[in-house]
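Residue strings, one per chain:
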Amino acid sequence: MKSKKEKKLKKRGFFKRLFGKSKSKEELNLDAPLDDSAEDQSLSGEELIQKEMKRDEEEANLQKPKRVISREHIFVKDVDPKKYCDDLYSYLQDNGLSVNMNNVREMFASMAATKLVIVKSKDPILSQRFVELFSDFIGAYYTKDKVKPNLESFDDLYSDNYRFKKFILKANHDPNKINIMSLRDVKLDTLEQYFGKVLEYAWNPLLACNIENIIFSSVKEMPINTWFMVIPKDSNDTFMSETLGNSAITLELNAKTIEPKEEVYENEKKFSYEFMTNLLLGGYEKYYIKEEDWKKVDKVEEYLKEYSTFTLDNRMFRQLERYTSTYLMFGGDEYEAMDSVLYAKLLRVISILKINIDQESEKGLFQLFEKLFGLENLKRSKKILKEIQEMNRY
């Protein structure tokens, strides 16, 4: 079995063979610094990554197992989703991160629904750690970037200060690999300005998303095997717009650090992109919310059409369906699935609407949801419903 050092050398050799000795703008320099601060100019890319990770862990008081034992990867051809979810939950705990079991289901459900997930917790580093461990467990290629204050456009992500270009090239080179990138310290109100291509890609997954520009032309379209996890700079950042609401799912983690095991075995059962796609497609057919529950969503749409400008787009309805089906497939129940998708998606879109009727009246949205779903089944959603009621008070 190869050591980590040998694997790194092999990886560097691979990129060297892939791109040769070209002096074009798109040449990869894996050792180039990824930060423009003066104190880091003498560090190699790998040394800088390690320094950033150590600083992050110290800030969050993260602890890791003293030893992670590698196993030969097996790309599964069949899996029990519920057991896989349970094993992932245990793996997170073994590595010193405790989250709710529902959060694990919500991660799979979010990836089924969209390519853009907003991951929030009390500490952005906990969100990043969750995405890192999740990616490691399922066998995804994972990379991360911290968004710097001087970012001015989407094209800036292709600069040597970011790993975005390498991420895209990696995904394009291996189309059967799941690729996950986290973007940390993002201000949500900048997403449309700086990450418009990512939002476009997430909202129109069946259409090619052109990412070619003057700086970068090797890959013309966003590889469909990529997911983006946006981690807000401030966990209390609740900014939402129509474009962001359409494209993204919000996953709010109930995360905390715990004592890790001293020794943890790596999960050997990995997902290929093809397997995960087929697994999800099969889940949409086998697991689904009852028709009578979707009719309740239809009644919400009818209400909003009467008192606002809302329309439930087919693309959004497909997101709701895929989210709930996947949530059920990984072990959740129907009440939890509906509450989760309302909280993570639909109510966040509704929250930006101007609803032209007093929300404290008997015809308020809160009262409608209570009648349709029962507040006892909306443990999380009623929080946003209260906020909508407050915002639309006459």
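This text goes with the structure placed above it.
This write-up is about the structure you can find in this document. (Residues numbered from 1 in each chain as written. Predicted model: local features only at pLDDT ≥ 70, side-chain atom pairs only at ≥ 80, totals over all residues. Heavy atoms only, no water.)

**Some details on the packing of aromatic side chains**
This model, assessed by the stated rule, comprises 20 aromatic pairs. Through a chain of ring-to-ring contacts, the aromatic side chains of Tyr84, Tyr91, Phe108, Phe130, Phe134, Phe137, Phe271, Phe275 and Phe330 assemble into a single cluster. Over the ring of Trp227 we find Lys115; its NZ or CZ atom is 3.7 Å from the centre of that ring. A cation sits over an aromatic face here: Lys148 above Tyr162, 4.5 Å from the ring centre. (Phe/Tyr/Trp six-rings, centres within 6.5 Å; stacked < 30°, edge-to-face > 60°. Lys NZ or Arg CZ within 6 Å of the ring centre and 35° of its normal.)

**What to know about the sheet that holds strand S5 (residues 141–146)**
Read across the sheet, five strands follow the order S5-S6-S7-S4-S8 without closing on themselves; strand pairing throughout is parallel. Two strands lie at the open edges of the sheet, namely S5 and strand S8 (249–252), each paired on one side alone. Across the sheet, the axes of successive neighbouring strands diverge by a mean angle of 25°, strand direction being ignored. Judged from the seven bridges that link them, strand S6 (residues 179–186) and strand S7 (residues 226–232) form a sheet pairing that is parallel. What sits directly across from Met181, in S7, is Phe228. Running over the sheet, helix H6 (residues 164–173) touches S5, S6 and S7 and is turned about 165° from S6. (Pairing = 2+ DSSP bridges. Helix = DSSP H or I, 4+ residues; strand = E, 2+ residues; numbered from the N terminus. Axes fitted to C-alpha atoms, helices over the stretch in contact; angles between N-to-C directions. Contact = heavy atoms within 4.5 Å.)

**Considerations on the nonpolar core**
Counting residues in each nonpolar core, the largest one holds 46 residues, and the members touching the most others are Phe108, Ile138, Ile178, Ile180, Met229 and Phe271. Sorting the residues of this core by element identifies helix H3 (81–94), helix H4 (101–113), strand S4 (116–120), helix H5 (124–138), S7 and helix H10 (273–286) as the ones contributing at least two each. Among the elements that take part in this core, H5 stands out by supplying eight residues, more than any other. Once residues within four sequence positions are removed from consideration, Phe271 is found in contact with Phe75, Val76, Val79, Tyr84, Phe108, Ile138, Gly139, Ile178, Met276 and Leu279. Membership of the second largest hydrophobic core comes to 42 residues, among which are Ile249, Tyr307, Leu342 and Tyr343. (Core = buried A, V, L, I, M, F, W, Y, C linked by side-chain atoms within 4.5 Å. Buried < 20%, exposed > 50% of the residue type's maximum accessible area, 1.4 Å probe, protein only.)

**Structural notes on H10**
An ideal rise of 1.5 Å per residue puts 20 Å on 14 residues; H10 measures up with 20 Å between its terminal C-alpha atoms. Listed as buried for H10 are Tyr273, Phe275, Met276, Leu279, Leu280, Gly283 and Tyr284. Packed against the buried residues of H10 are H3, H4, S7 and helix H12 (314–329). (Expected span 1.5 Å × (residues − 1).)

**What about unusual backbone geometry?**
One non-glycine residue with positive phi stands out, namely Asp185, at about 65°. Within the element layout of this structure, Asp185 appears in strand S6. A residue is classified by how much of its surface remains accessible, and Asp185, at 17% relative accessible area, is buried.

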